Amino acid sequence: MSEAAAAGKNWCLEDPDLMPTFDDWLLVQRVNTSNGTRRPLCFSYDGAQFLDSFFHQPAAWRLIHCATCAYESGLPEDIQLSYFRRARKAVLQAMCEKPTYQTVQTFYFITLFAAWKGQPEAGRPFLKAALDLVISLRLDIDPDDSPWLFNLNLSPREKEDRRRAFWSTFWHLKFEQAVSSDAIHVSIDSSRIKPPGAVHEPYTIFEALPQTKWVCDVYSLISAIKSHYSSAPKSIDFVLASDAVNSLHARFLHLQSAIPIQTFLIPESPQSITSTDRARFQAQLHTQSPGEQLDMLYFNVEFLSSQCVLYRPRLYLSGLNSCNPMYLHESSQYIIANAIQQCLDNAFRIANLLDYILEADSYTHTGVYPFFEAMTVFWFIWCRMNRVWWTLLSSKRIEWPLMQSIIVKVVGFVRKVNDHEGTKTGTTAPILKCLEAMLNEMEDIERGAGKGNVVDSPESDEVVEEVVLGMKIVSLDDASGAHDNRGQYRTKEPHCYLGLLGMDVGGRVRWKGPTEQSWKLFWKLYA
């Protein structure tokens, strides 16, 4: 038998679903280079190397890139989901192969795509698999401190690619823990690996992104606050001051002190950005690429929102008749007034930074949560806070035209994110409905038609039908929209930082979640 004939016995047909095409390469090239106007700089992987070897990349790694690029470029949803399903098919066919750090990157991108489509539950098994591989492949140990890699003679570029595999997966883990009450919990940290750094050969391959570590720390703080308030406190005193609350405040101050001051984009006045502020922000941002600028903007809104999350339970005390300043000790007045001021100032700062994010034309689901937090602060202060507290604040009472313009802008941003997610959306839809209900109630208050200074109305359950906002869980394999093949779907607690803590919006809209009922009873008990 000839050598060719022997070799022919091992020939097998390639699955057409998994084969690369030039159109696929063009799609990724257009997105990663902004139609050829910049180098392919990516946060989580070596974009230039990926494009150069596109036709030799593993099928799953290549196809999930095509899915995310189809999403980013706004291609029809059936094309996006077709790439996604083919990538999952490739993953299943490659299960017997030895995993590498590229496998971690593949799983991360599947998780990311599912989250972008508003269905994070579909990506959760892949996130768990990615985290397991991070541990087994020891990606949480820096390549410079990994003797088992020395014989590979990895270049600085290859070492950084491994770091990015860790940081992208770790970032998504911390993000999920901040927004989900039933997130994955694994024993993994970033103490043994360097933050994302720059690589030039001689042109830029990777940009330095130190804020990645800081935003992970912010997510960890929000997750700790979320866990602490997962059930209602025993009394008002536990909200005003307790060892646990004091520890969270100390943790926030430590985090703030560890971050370089030039990273923060803080205007002189919380309620507006002046020309002087803009010049200073421009000086801080001008040396950075568009990607780095956007990362800094999102870091700032996440950091500001962590302060709102930290102080919001104390802010809510300002709506209780039992916490009228005339009944409180001076120290308690100060704690609540400070919480109101902190929440209000940071909510304004978050809203003002939205203009910069809109200029970058960025509409991702991760950007929604800080603005939901800011809107919740505005709504509570406008519709629930006892007006006497304004006399104890340094801020003047907000004029309705200013408040209305901010809220309409935020709702418009969230609506665009919701539309961008497509028919499968589950994460942004309940947030959008809640924001629209908040806007309606604030407009009612302005017209004199709302109920105003009431934390919760015991009668509201008997008068109107409740609308409980939940996150729809559907399959990304189903092409028929937001339901499964039986025309049904299940719902769970929506993703967010802190929910509504037992409040209703407009007397009828409530947040789905196991902690909401205990908080609702807490407010009624101390009203």
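Structure: above.
Residues numbered from 1 in each chain as written. Predicted model: local features only at pLDDT ≥ 70, side-chain atom pairs only at ≥ 80, totals over all residues. Heavy atoms only, no water.

*Asks:* Which parts of the structure should I look at to understand the packing of helix 5 (residues 77–93) against helix 6 (residues 101–116)?
*Replies:* The packing of two helices is summarised by the inter-axis angle and the distance between the axes. Contact pair helix 5 / helix 6: the axes reach a minimum separation of 11 Å and the direction vectors enclose 145 degrees. Both helix 5 and helix 6 take part in a crossing whose hand is left-handed. Residues Gln80, Leu81, Phe84 and Val91 of helix 5 lie in contact with helix 6, whose contacting residues are Thr106, Phe107, Ile110 and Phe113. (Axes fitted to C-alpha atoms, helices over the stretch in contact; angles between N-to-C directions. Helix = DSSP H or I, 4+ residues; strand = E, 2+ residues; numbered from the N terminus. Left-handed = near helix turned anticlockwise from the far one by under 90°. Contact = heavy atoms within 4.5 Å.)

*Asks:* Could you clarify how one ought to interpret helix 19 (residues 516–526) in this entry?
*Replies:* Turn by turn, an α-helix covers 3.6 residues, leaving residues three or four places apart pointing in a common direction. When we look at burial in helix 19, the residues that qualify are Glu516, Trp519, Lys520, Phe522 and Trp523. Buried residues of helix 19, viewed axially, fall in a sector of 160 degrees; they line one side. (Buried < 20%, exposed > 50% of the residue type's maximum accessible area, 1.4 Å probe, protein only. Arc of directions from axis to C-beta.)

*Asks:* Would you take a moment to explain the environment of Glu268 for this structure?
*Replies:* Checked against the element boundaries, Glu268 lands in the loop between helix 11 (243–258) and helix 12 (275–285). You can call Glu268 exposed: its relative accessible area is 60%. For the pair Glu268 and Phe281, spaced 13 residues apart in sequence, the C-alpha separation works out to 11 Å. Setting aside anything within four residues of it in sequence, one finds Glu268 in contact with Thr276, Asp277 and Arg280.

*Asks:* Explain helix 12 here, please?
*Replies:* The complete set of buried residues in helix 12 reads Asp277, Phe281, Gln284 and Leu285. End-on view of helix 12: buried residues confined to an arc of 90 degrees, all on one side of the axis.

*Asks:* So what exactly am I meant to see when it comes to the pattern of salt bridges here?
*Replies:* Opposite charge on two side chains permits pairing when their charged atoms draw close. Taken as a whole, this structure holds 25 salt bridges when the rule is applied. Across the pair Glu121 and Lys492 runs a salt bridge whose closest N-O atoms are separated by 3.0 Å. Here the residue Glu121 occupies a position in helix 7 (residues 120–136), and Lys492 occupies one in strand 5 (residues 490–492), the gap between them amounting to 371 residues. For Glu121, a relative accessible area of 19% puts it in the buried group. (Salt bridge = Lys/Arg side-chain N within 4 Å of Asp/Glu carboxyl O.)

*Asks:* Can you help me understand the packing of aromatic side chains in this one?
*Replies:* For any two aromatic rings, the description comes down to two numbers: the centre-to-centre distance and the angle of the planes. Going through the model one piece at a time under the given rule, you end up with 38 aromatic pairs. Relative to Phe109, the ring of Tyr45 has its centre 5.6 Å away and its plane inclined at 75 degrees; by these criteria the two rings are edge-to-face. Of the two residues, Tyr45 sits in the loop between helix 2 (22–32) and helix 3 (47–52) while Phe109 sits in helix 6, which places them 64 residues apart along the sequence. Exposure remark for Tyr45: the relative accessible area of 4% places this residue in the buried category. Aromatic side chains Phe522 and Tyr526 sit 5.0 Å apart centroid to centroid with 50 degrees between the ring planes, which places their arrangement in the tilted category. (Phe/Tyr/Trp six-rings, centres within 6.5 Å; stacked < 30°, edge-to-face > 60°.)

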